[in-house]
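Structural overview for review
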Amino acid sequence: MRVERATVLEVVRNQAVSLLDLTPEELTEDVSFVDDLGVDSLALIEFAMAVEDALGIVLPEDEIAGTRHLGTFVDLVTSKVAGGPLS
Amino acid sequence: MSLLAGRRVVVTGVLTEASLASAVVRLALAEGAEVLLTSPVCRAHRITSRVAPRLGVAEPVLELDVTLQQDLDALADAVREAGWDRVDGVVHALGYLPEGFEGTTFAGTPWALASQVFEVTAWSLAAVAHALDPLLVRGSAVVGLTQDSSQVWGDPDWLQVSHAALAATARSLARELGPRGVRVNLVACGPVATLLARALPGHTSLVEEYDVRAPLGWDATSDTSSGAIAKAAVMLLSSWFPATTGEVITVDGGATAVGVR
């Protein structure tokens, strides 16, 4: 089953709202968790792990560190789930 | 041969799967150990609890903030409640950079910040060993992860100073626990791209310097490097260093043993 980017975006936004105490309106594609929203590194890790668990994927830390904006993070996640089954 | 068959090891410092302590846990489990993890409450504890099953640790993560005396006081009982009547190994893999550390000069760092770094990085080795002291037995081993502190690497900071203090703490602890047959040793690690390390200013240049210097090479992003550190830690936890205590084993590809290549 292929997973559409829009589905990933929804999962990412839901986890961000749940774990990072953010509002959906703040979570635009070009927003930076760190620079714009002041999210610290521990919070980002918990958030990324929740996304991993939700989608049954593994996101290497160095690849997460390379994503500056929500949109590029969603691209990374989508690349990991593309072609793979949702758990 | 299983180096740690039947040995029960308490491991601090697992945060993410890339943590050095996580590499130690993976190898310790593969070598037959039983493992309990500790983590401070709040977000770090939630993260460690997510990581634990990924590492193969089924037991609940014990709550331990080494800056809270009540957590230290409760640790031995928490281990007993997990069903253990002894602890054969303790892994100390703690370091801390408090908020506000960035942007201060070395000499300008206030004691309020420097003392937090010292407390978590160095003092806590003795504090955790003391907390678990009722469960330590002849042959138990305390192993800490540190970094080279014989010289200043890059910009000076209080984490480096605290690692020098950690080595001195390990020696003093080795003297205190030695008569009971408990060993205390450190593994001085080359830089590895953990969460804490990446937060350090100058991490990238430090990594490059190690790789240039190290006769064996040193890749901070490689599982081979964290695996090499884990092997040293597991050997020190095992019965294969029965007459070694108060020592620092360096695992860095030889970088600190040589000058500029």
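Note that the structure is predicted; figures quoted are calculated from it, not measured. (Residues numbered from 1 in each chain as written. Chains lettered and ligands numbered in written order. Predicted model: local features only at pLDDT ≥ 70, side-chain atom pairs only at ≥ 80, totals over all residues. Heavy atoms only, no water.)

Regarding the pattern of salt bridges
Inspection of every chain in the model, using the stated rule, returns 17 salt bridges over all chains. The salt bridge partner of Arg86(B) is Asp88(B), with a shortest N-O separation of 3.0 Å. Of the residues examined, Arg86(B) reaches a relative accessible area of 26% and is grouped as partly exposed. Residue classification places Asp88(B) among the buried residues on the basis of a relative accessible area of 6%. The network of salt bridges with common partners includes Glu52(A), Asp53(A), Glu17(B), Arg50(B) and Arg54(B). (Salt bridge = Lys/Arg side-chain N within 4 Å of Asp/Glu carboxyl O. Buried < 20%, exposed > 50% of the residue type's maximum accessible area, 1.4 Å probe, protein only.)

A few points about the packing of aromatic side chains
Residues and elements named next belong to chain A. The tally for this structure, following the rule as stated, stands at four aromatic pairs over all chains. Here the aromatic rings of Phe47 and Phe73 are separated by 5.3 Å at their centres, their planes lie at 40 degrees, and the arrangement is tilted. Here Phe47 is found in helix H2 (residues 41-55), whereas its partner Phe73 is found in helix H4 (residues 70-81), with 26 residues between them in sequence. Through a chain of ring-to-ring contacts, three or more aromatic side chains come together here, namely Phe33, Phe47 and Phe73. (Phe/Tyr/Trp six-rings, centres within 6.5 Å; stacked < 30°, edge-to-face > 60°. Helix = DSSP H or I, 4+ residues; strand = E, 2+ residues; numbered from the N terminus.)

Details of the interface of chain A and chain B
Every contact between the two is made by eleven residues of chain A and, on the other side, 13 residues of chain B. Summed over both partners, the interface of chain A with chain B buries about 1,300 Å², with 54% contributed by carbon and sulfur atoms. When the area that chain A buries against chain B is broken down by residue, the three leading residues are Glu46(A), Met49(A) and Glu61(A), summing to 45%. In this structure, the connection of chain A to chain B is made through five salt bridges. For Arg54(B), the salt bridge goes to Asp53(A), with nearest N and O atoms at 2.7 Å. If you look at where chain A meets chain B, you find five residue pairs in polar contact (both at pLDDT 80 or more). When residues in the side of chain A that touches chain B are grouped by element, the largest group, nine residues, is from H2(A). Here the side of chain A that touches chain B is composed, by residue class, of six nonpolar, one polar and four charged. (Contact = heavy atoms within 4.5 Å. Buried area = accessible area lost by both parts, 1.4 Å probe. Polar contact = N/O pair within 3.5 Å; in protein donor to acceptor, adjacent residues only side chain to side chain. Nonpolar A, V, L, I, M, F, W, Y, C, P; charged D, E, K, R; others polar.)

Quick notes on the confidence of the model for chain A
Counting all residues, the mean pLDDT for chain A is 86, and 92% of those residues have values of 70 or more. Across chain A, the secondary-structure element scoring lowest on mean pLDDT is helix H3 (residues 61-65) of chain A, at 80, and the one scoring highest is H4(A), at 92. (pLDDT = per-residue confidence, 0-100.)

A word on the environment of Arg171(B)
Here Arg171(B) lies in helix H5 (residues 158-177). Measuring from C-alpha to C-alpha, the distance between Arg171(B) and Gly246(B) comes to 4.2 Å, with 75 residues separating the pair along the chain.

Quick notes on the packing of helix H4 (residues 111-132) of chain B against H5(B)
All names here are of chain B. At a minimum axis separation of 9 Å, H4 and H5 run at an interaxial angle of 20 degrees. Considered as vectors, H4 and H5 are oriented roughly parallel to each other. Relative to H5, the crossing made by H4 is right-handed. Residues Ala114, Val117, Phe118, Thr121, Ala122, Leu125, Ala126 and Ala129 of H4 form the contact with H5, whose own contacting residues are Trp158, Leu159, Ser162, His163, Ala165, Leu166, Thr169, Ala170, Leu173 and Leu177. Here the contact of H4 with H5 is composed, by residue class, of 14 nonpolar, four polar and no charged. (Axes fitted to C-alpha atoms, helices over the stretch in contact; angles between N-to-C directions. Parallel < 35°, antiparallel > 145°, perpendicular 65-115°, else oblique. Left-handed = near helix turned anticlockwise from the far one by under 90°.)

Some remarks on the packing of H2(A) against helix H2 (residues 43-55) of chain B
In contact at an axis separation of 10 Å, H2(A) and H2(B) are set at 35 degrees when each is read in the N-to-C sense. Both H2(A) and H2(B) take part in a crossing whose hand is left-handed. Side by side, H2(A) and H2(B) meet where Leu42(A), Ala43(A), Ile45(A), Glu46(A), Met49(A), Ala50(A), Glu52(A) and Asp53(A) of the first sit next to Arg43(B), Ala44(B), Arg46(B), Ile47(B), Arg50(B), Val51(B) and Arg54(B) of the second. When grouped by side-chain class, the residues that make up the contact of H2(A) with H2(B) number eight nonpolar, no polar and seven charged.

Some details on unusual backbone geometry
Positioned with a positive phi, Asp21(A) is a non-glycine residue whose angle comes to about 60 degrees. Mapped onto the elements, Asp21(A) comes out in the loop between helix H1 (5-20) and H2. The phi dihedral of Cys42(B) is positive, around 75 degrees, even though this residue is not glycine. Its place among the elements puts Cys42(B) in the loop between strand S2 (34-39) and H2.

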